[in-house]
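Architecture at a glance
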Amino acid sequence: MSPAPVPPRLEVRHLTRRFAAQAVVDDISFEIPAGQVTCLLGPSGCGKSTTLRMIAGVDVQDAGEIHVDGTLICGPGLTVPPEQRAIGLMFQDFALFPHLTVAENVAFGLSGTAREKNARVAELLERVHLSRHRGSYPHALSGGEQQRVALARALAPRPRILLMDEPFSGLDERLRDDIRDETLALLKEEGTAVLLVTHEPHEAMRMADEILLMRAGSIVQRGAPYNLYNAPVDRRAAAFFSDLNVIESTVEGALASTPFGEFLAPGHADGTRIDIVIRPQHLKIDFDRAGRGPNPTQEEGTPARGIVTRARYLGRESLVEFRLETGQVLKASVPNVFLPKAGTPMWLMIRRDRCFVFPAQG
Ligand SMILES: Nc1ncnc2c1ncn2[C@@H]1O[C@H](COP(=O)(O)OP(=O)(O)OP(=O)(O)O)[C@@H](O)[C@H]1O
């Protein structure tokens, strides 16, 4: 007989929360297995924190259920109190206890003998490289160190689930990526199921095994970061991850005509207005040779001539803006330093395999 399937560590079914008759979380369902980091990503006000608060037990849903390891903890007629949920919390303001030392902060939620507690505190402080600060008070630590103490404190009781709400947003920009990587390594070692709320796509891409993209209370797309970036469900989902170029067209005979040649628009009826969407890094640039550009290719289609209107160096790449003969402005992102003068004619090609075709918005 095959073993019974392991239930997900966290399972949320049809969760709904209304304020003044408006659903700010509207029938969402998802699951997180042990050891997985899932990011709830979306713009401000889309319902991310409300979702987290219901799972933590500090807010109660109007409908739906929450299960941990296959056991109902919150549903019709049942609400397990927050302190009995084995769920750890880590929020933006780490809220360390100022009158307790680093070691005392980490030990705060621990049970067991003094020896067991000391061993767990020592293990975690070692892991976050803060052993030498065990006797320090929070005010004597940097923001990044305080964040690591908060992480150690949240993980100390070995929670089954860790909920993190914008945990890195109070930190210096330059510190953040290092701390994200360190945090991720520790979370993976501990095998906790993590639900991390963020409005920053970069953070979700860096941290998540799975992203749940949320908009106006609903999950509009879910999947690995690669899938959300490379196969967005709609133009707004695509725009969440980078700048976009949008070329508008109308379908005729299953084809859409553009300055870059004709595009297939299967499944769109004749007369449908569509947006052909492409990220700036998928535009290619070539030089103008006395009014001539490169030959058309199957992959890149027909090149279109444009005039440079602006070029800016952004560090890792340069952003060059062009005006096509149709008047449309397109942005191309080019690695390293590429700063052609305004007015320079150049040729643009677009990676057809990187274009998305959506019905026009609005
Ligand atoms: N207690 C409350 N009473 C009334 N409305 C609320 C309450 N809590 C949240 N809301 C509303 O619910 C919506 C979702 O809020 P929520 O904090 O979940 O969004 P969020 O996606 O986490 O946003 P942010 O990233 O800005 O924190 C917002 O419009 C908010 O004003």
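Residues numbered from 1 in each chain as written. Predicted model: local features only at pLDDT ≥ 70, side-chain atom pairs only at ≥ 80, totals over all residues.

The chain is annotated in an unreviewed UniProt entry as ABC transporter ATPase of Thioclava dalianensis.

1. Details of the overall build of the chain
When its secondary structure is counted, the chain shows eight helices and 21 strands. A principal-axis box enclosing the C-alpha atoms of the chain has dimensions of 80 × 50 × 50 Å. Relative to its 362 residues, the chain shows a buried fraction of 31%. The contacts of the chain with a sequence gap of at least 6 include a subset with a gap of at least 24, amounting to 64%. (Helix = DSSP H or I, 4+ residues; strand = E, 2+ residues; numbered from the N terminus. Buried ≥ 20, exposed ≤ 12 C-beta atoms within 10 Å, placed from the backbone. Contact = placed C-beta atoms within 7 Å.)

2. A closer look at helix H3 (residues 114–127)
Side chains that are three or four residues apart share a direction in an α-helix, a result of its 3.6 residues per turn. The first and last C-alpha atoms of H3 sit 20 Å apart over 14 residues, in line with the 20 Å expected at 1.5 Å per residue. Turning to H3, its buried residues are Val121, Leu124 and Leu125. Looking down the long axis of H3, one finds its buried residues gathered within 100° of arc, a one-sided arrangement. For H3, exposure combined with an orientation more than 90 degrees from the buried face picks out Arg115, Glu116, Ala119 and Glu126. (Expected span 1.5 Å × (residues − 1). Arc of directions from axis to C-beta.)

3. Details of unusual backbone geometry
The backbone of glutamate 166 shows a phi angle near 45°, a positive value even though the residue is not glycine. Structurally, glutamate 166 is set in the loop between strand E8 (161–165) and helix H5 (173–190). For alanine 254, which is not glycine, the phi torsion reads 65° and is therefore positive. Locating alanine 254 in the fold gives a position in the loop between strand E12 (245–252) and strand E13 (255–258).

4. Considerations on the sheet that holds strand E4 (residues 63–68)
The antiparallel open sheet is built from five strands, whose spatial order is E2-E1-E4-E5-E6. Strand pairing shows two members of the sheet lacking a second neighbour, strand E2 (22–32) and strand E6 (78–79), which therefore form its edges. Where helix H1 (residues 48–56) meets the sheet, its contacts fall on strand E1 (10–19), E2 and E4, and the angle it forms with E1 comes to roughly 120°. (Pairing = 2+ DSSP bridges. Axes fitted to C-alpha atoms, helices over the stretch in contact; angles between N-to-C directions.)

5. Thoughts on the site of the ligand
Lining the immediate environment of the ligand, one finds Phe19, Val24, Gly42, Ser44, Gly45, Cys46, Gly47, Lys48, Ser49, Thr50 and His199. Per-element tally for the shell around the ligand: the top contributor is H1, with three residues. A per-class count over the shell around the ligand returns three nonpolar, seven polar and one charged. (Near = placed C-beta within 6 Å. Nonpolar A, V, L, I, M, F, W, Y, C, P; charged D, E, K, R; others polar.)

6. Points about the nonpolar core
Counting residues in each nonpolar core, the largest one holds 60 residues, and the members touching the most others are Cys39, Val106, Leu125, Ala152, Leu163 and Leu195. Broken down by element, this core gets its largest block of residues, six residues, from helix H4 (residues 143–155). The contacts of cysteine 39, once residues within four sequence positions are left out, are Leu196, Thr198, Ala204, Met207, Ala208 and Ile211. Core analysis: the next-biggest nonpolar cluster, separate from the first, contains 17 residues, Val251, Ile278, Ala304 and Val320 among them. (Core = buried A, V, L, I, M, F, W, Y, C linked by C-beta atoms within 7 Å.)

7. Let's talk about the domain arrangement of the chain
Domain boundaries in the chain define domain 1 (10–239) and domain 2 (245–359). On a C-alpha basis, the centres of domain 1 and domain 2 stand 40 Å from each other. Taken together, the contact between domain 1 and domain 2 spans four residues of the former and four residues of the latter. (Domains from an automatic or database assignment.)

8. Comments concerning the sheet that holds strand E14 (residues 261–264)
Note on sheets: strands pair through backbone hydrogen bonds, and any given pair is parallel or antiparallel. Pairing within the open sheet is antiparallel, and its five strands lie in the order E14-E13-E12-E15-E21. For this open sheet the edge positions go to E14 and strand E21 (356–359), each flanked by a neighbour on one side alone. Between one strand axis and the next, the sheet turns by 35° as a mean value, whatever way the strands run. Taken together, the four bridges between strand E15 (residues 273–278) and E21 define a ladder with antiparallel strand orientation. From the neighbouring strand, valine 277 faces E21, where its bridge partner is phenylalanine 356.

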